[in-house]
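Each chain, letter by letter, is given below.
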Amino acid sequence: MRPRLLVAFALGARHGALASSDSATDSATPFRCEHPPYTPQIISTSPLIIYIHNFTTPEERAHLRQKTNGTFRRSAITTPTLHSSIRTSSSTYIPSDPILSCIESRALAFQGHDIPPSHLEPLQLVRYLPGEHYSFHTDWFGNKAYASPAMGGNRKSSFFAYLYVSGDVVGGGTNFPMVRAKRGEAWCGVLDCDGEYEGGVTFRAVEGNAVFWENLREGGEGDERVIHAGLPVIRGEKIGMNIWTREGPVGEAGRKALYPDL
Ligand SMILES: *[C@@H]1O[C@H](CO)[C@@H](O)[C@H](O)[C@H]1NC(C)=O
Ligand SMILES: *[C@@H]1O[C@H](CO)[C@@H](O)[C@H](O)[C@H]1NC(C)=O
């Protein structure tokens, strides 16, 4: 029997389904935002890190891949013009549509219902091919220029959702070196159990699942313990999605500065 909490999540998700009159595709059936019965598991309470099984549906993932096909460009760090060997992946932004709004509403509901959609940055997809990686970094900004009120303040939380993982993938995990690793057979499907205990936690790239974490401490300063890296993909392909929630609304000026093409 599954724990009651999980059942509550599943029911809540179903009752929370929203009808939308916008059609996401050319089909005549109106799109309905229905959240899948995802399963959260606590990895760490301080910093708060939660692993989420089945956060996206196969239909959502297919839609996102199709919509971004051919649009990936070399990833920037913080500003759209700055390229570096620190981050060798490619990324793309997607203008919102009903399916994206559905995922966004799920990400906001997950964090409690008090965060308005204006606090979200546009969703970013990032693709890693063999040899590509993202060195250790935090998603929150030390440079206040990127965390100004016009930008919505700093990044309060992050979701990294694995959207596509090719069957032959080797590598491509997400490593949090300062987080105490969970141990035991039950975790080995989603965590790399072969790594050194001192190496922290490494999430395997498992399609459909996501990792959520809080970036800021109580007082609003960045939490250095959530430093992490996208480990090199050795073989195959990985596509992930970043969902970043800011402390406040991302203003029009901030949106334009961060995402000039949207
Ligand atoms: C995730 O979804 C798959 C496919 O529907 C299912 O087999 C699996 O049990 C789910 N995992 C969890 C942890 O809910
Ligand atoms: C992406 O586009 C290429 C060429 O147009 C096509 O062969 C491929 O199937 C597309 N992939 C996806 C996931 O839509």
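Reading guide: rules and limits
- Residues numbered from 1 in each chain as written.
- Chains lettered and ligands numbered in written order.
- Predicted model: local features only at pLDDT ≥ 70, side-chain atom pairs only at ≥ 80, totals over all residues.
- Heavy atoms only, no water.
- Helix = DSSP H or I, 4+ residues; strand = E, 2+ residues; numbered from the N terminus.
- Buried < 20%, exposed > 50% of the residue type's maximum accessible area, 1.4 Å probe, protein only.
- Contact = heavy atoms within 4.5 Å.
- Areas by Shrake-Rupley, 256 points an atom, 1.4 Å probe, with all protein chains shown as cover.
- Near = heavy atom within 4 Å.
- Polar contact = N/O pair within 3.5 Å; in protein donor to acceptor, adjacent residues only side chain to side chain.
- Pairing = 2+ DSSP bridges.
- Axes fitted to C-alpha atoms, helices over the stretch in contact; angles between N-to-C directions.
- Salt bridge = Lys/Arg side-chain N within 4 Å of Asp/Glu carboxyl O.

Visitor: What exactly am I supposed to notice about the overall build of the protein chain here?
Guide: When its secondary structure is counted, the protein chain shows four helices and 16 strands. Per-residue burial over the protein chain gives 50% buried out of 262 residues. Across the protein chain, every contact between residues at least 6 apart in sequence was considered, and the portion connecting residues at least 24 apart equals 75%. Accessible surface, the protein chain as shown: approximately 12,800 Å² in total, 55% of it carbon and sulfur.

Visitor: So what exactly am I meant to see when it comes to the site of ligand 2 here?
Guide: Every residue lining ligand 2 is accounted for by Arg65, Gln66 and Asn69. One of the side-chain nitrogen or oxygen atoms of Asn69 is found 2.4 Å away from an oxygen atom of ligand 2. Considered on its own, ligand 2 offers 360 Å² of accessible surface; in the complex 31% of this is hidden by protein.

Visitor: Teacher, can you tell me more about the environment of Arg183 here?
Guide: Following the sequence through the fold, Arg183 ends up in the loop between strand 11 (174–176) and strand 12 (201–203). Separated by 18 residues in sequence, Arg183 and Val201 place their C-alpha atoms 9.6 Å apart. With sequence-adjacent residues up to four places away left out, Arg183 is seen in contact with Cys193, Gly195, Glu196 and Tyr197.

Visitor: Help me understand the sheet that holds strand 12, please; the structure alone is not making it clear to me.
Guide: Taken in spatial order, the four strands line up as 8-14-11-12 in an open sheet, and their pairing is antiparallel. With one partner strand each, in any of the chains shown, strand 8 (134–137) and strand 12 form the two edges of the open sheet. Strand after strand, the sheet turns through a mean of 15° between neighbouring axes, direction not considered. Note: strand 11 against strand 12, three bridges, orientation antiparallel. Within strand 12, the position partnered with Asn175 by the bridge is Thr202.

Visitor: Honestly, the pattern of salt bridges in this entry has me stumped. Any pointers?
Guide: A side chain of one charge can pair with a side chain of the opposite charge when the charged atoms of the two come close. Applying the stated criterion to the full structure yields ten salt bridges. A salt bridge links Asp97 to Lys67; the shortest N-O distance between them is 2.8 Å. With Asp97 in the loop between strand 6 (90–93) and helix 3 (98–110) and Lys67 in helix 2 (residues 58–68), this residue pair connects regions lying 30 residues apart in the sequence. For Asp97, a relative accessible area of 12% gives the class buried. We classify Lys67 as partly exposed; its relative accessible area is 34%. A salt bridge links Arg246 to Glu121; the nearest nitrogen and oxygen atoms lie 2.7 Å apart. Placement of Arg246 in strand 16 (residues 238–246) and of Glu121 in the loop between helix 3 and strand 7 (124–128) is noted, with a sequence separation of 125 residues between them. Both residues of the pair, Arg246 and Glu121, belong to the buried class.

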